[in-house]
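So you can see what is in the structure, the chains are spelled out below.
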Amino acid sequence: MRVDLSALDEVIRKLWTLLDDMDKAGQTSRYNTEIPMDAFGNSCLFLEAGDLHTAHKNMKTDLEKAIQSLHELIDKFGKSTSKVKDKYTEQEYANKNQMGGDTGGSSGSYAK
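Residues numbered from 1 in each chain as written. Predicted model: local features only at pLDDT ≥ 70, side-chain atom pairs only at ≥ 80, totals over all residues. Heavy atoms only, no water.

K.L.:
Can you explain the confidence of the model for the protein chain? Please cite residues and give values.
P.N.:
When the pLDDT values of the protein chain are averaged, the result is 83; 84% of them are 70 or greater. Contacts from residues 108–112, a stretch scored under 50 in pLDDT, to residues over four places away or in other chains number 1 contact. (pLDDT = per-residue confidence, 0-100. Contact = heavy atoms within 4.5 Å.)

K.L.:
So, helix H2 (residues 49–98): which residues are in play, and what are the values?
P.N.:
An ideal rise of 1.5 Å per residue puts 74 Å on 50 residues; H2 measures up with 73 Å between its terminal C-alpha atoms. Listed in full, the buried residues belonging to H2 are Ala49, His53, His56, Lys60, Ile67, His71, Ile74, Gly78, Thr81 and Lys85. Those residues of H2 hidden inside the fold are in contact with helix H1 (5–31). Note on H2: the residue one or two positions beyond its end, Gly100, has a positive phi of about 105 degrees. (Helix = DSSP H or I, 4+ residues; strand = E, 2+ residues; numbered from the N terminus. Expected span 1.5 Å × (residues − 1). Buried < 20%, exposed > 50% of the residue type's maximum accessible area, 1.4 Å probe, protein only.)

K.L.:
I'd like to hear about the nonpolar core, residue by residue, with values.
P.N.:
If you look at the biggest cluster of nonpolar residues, it comprises 5 residues: Leu15, Leu19, Met22, Ile67 and Ile74. Counting residues per element, the ones that place at least two in this core are H1 and H2. Top element by residues in this core is H1. It accounts for 3 residues. Setting aside its immediate chain neighbours within four residues, Leu19 contacts His71, Ile74 and Asp75. (Core = buried A, V, L, I, M, F, W, Y, C linked by side-chain atoms within 4.5 Å.)

K.L.:
Help me get a handle on H1, residues and values and all.
P.N.:
Taking 1.5 Å of rise per residue, the 27 residues of H1 would be expected to cover 39 Å, and the 39 Å separating its terminal C-alpha atoms lies within 8% of that figure. Of all the residues in H1, the buried ones are Leu5, Leu8, Ile12, Leu15, Leu19, Met22, Gly26 and Ser29. Against H2 lie the buried residues of H1.

K.L.:
Give a detailed account of the side chain of His53, specifying residues and quantitative values.
P.N.:
Of note, His53 is situated in helix H2. Classification of His53 by relative accessible area gives buried; the value is 13%. Apart from the residues within four sequence positions on either side, His53 is in contact with Glu34, Ile35, Pro36, Met37 and Phe40.

So this is what it looks like as structure tokens:
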């Protein structure tokens, strides 16, 4: 059986890129989506201003939680994929050594 280690490397690279994107989305949702209460008018005279501001804060919190959950999932999957790739790399190295290394010949007792 042969495992394409370069494909696993590509998956890991894409996951880390996605993780960076999730970090940027998390920063944007946290710091660039705040609507101050006075955005609804200096004295907030209309009745729904408070409800609208509260709804916005609730939605902002929900969005931040969703992004954080996705970030954790992608991070976990990336770390797991990296560990799997490392195990396959170690096994491939061990298999090469058992078969005589990279010399193309056998160094075992049956080779004499």
